[in-house]
Amino acid sequence: MATKDSRKAPSFEQAAARLEEIVSLMDNPSTGMEQMIALAEEGLTLLRSSKKMLAEAELKIRKLEAPAETGAEAAESPEEASDEFSLR
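Residues numbered from 1 in each chain as written. Predicted model: local features only at pLDDT ≥ 70, side-chain atom pairs only at ≥ 80, totals over all residues. Heavy atoms only, no water.

K.L.:
Describe the overall build of the chain, naming the residues involved and giving the relevant values.
P.N.:
If you tally the helices and strands in the chain, you get 2 helices and 0 strands. Of the contacts formed within the chain by residues at least 6 apart in sequence, a portion of 54% connects residues at least 24 apart. Accessible surface for the chain amounts to roughly 7,200 Å². Of this, 58% is attributable to carbon and sulfur atoms. (Helix = DSSP H or I, 4+ residues; strand = E, 2+ residues; numbered from the N terminus. Contact = heavy atoms within 4.5 Å. Areas by Shrake-Rupley, 256 points an atom, 1.4 Å probe, with all protein chains shown as cover.)

Take a look at the structure:
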C-alpha cells in the first residue's frame, strides 16, 4: 500500500478536476459529516498544491519575460511586478 508521501502529486489539471468532484460531492445533501470533513481536507491540500504550481509557473513566465541584459528586473518580487499574472 502506497503512503501519502510516496504517491505522485497530481498535475494542475488533475487537481482542478478533483476539486470540481469534491465541490459536487459536498453539494450533495446525502454526503455525511465525516465525509465532508475528509473532502474539505483533501480539497484544501489540492488547493494549496495548485496555488504553488501557479506561483512556480508565474515565476517561470517572469524569468522568460525579463530582459536578458539586466538581472535586476528579473529579481523583481511578485508584489513589485504587474498584476497581469497575479494569483490574487
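Still more ground to cover, so stick around.
K.L.:
Which residues make up the pattern of salt bridges, and what are the values?
P.N.:
For the structure on display, the rule yields 3 salt bridges. E21 serves as the salt-bridge partner of R18, at 2.9 Å between the closest nitrogen and oxygen. Here the residue R18 and the residue E21 both occupy positions in helix α1 (residues 12–27), the gap between them amounting to 3 residues, near one helical turn. The exposure class of R18 is partly exposed, given its relative accessible area of 23%. Look at E21 and you get partly exposed, because its relative accessible area is 42%. Close ionic contact of E42 with R18 constitutes a salt bridge, the shortest N to O distance being 2.8 Å. One end of the pair, E42, is in helix α2 (residues 33–65); the other, R18, is in helix α1, with 24 residues separating them in the sequence. (Salt bridge = Lys/Arg side-chain N within 4 Å of Asp/Glu carboxyl O. Buried < 20%, exposed > 50% of the residue type's maximum accessible area, 1.4 Å probe, protein only.)

K.L.:
Residue-level account of the environment of G43, with values.
P.N.:
Summarising the element assignment, G43 is placed in helix α2. Between the C-alpha atoms of G43 and A16, which are 27 residues apart in sequence, the distance is 9.7 Å.

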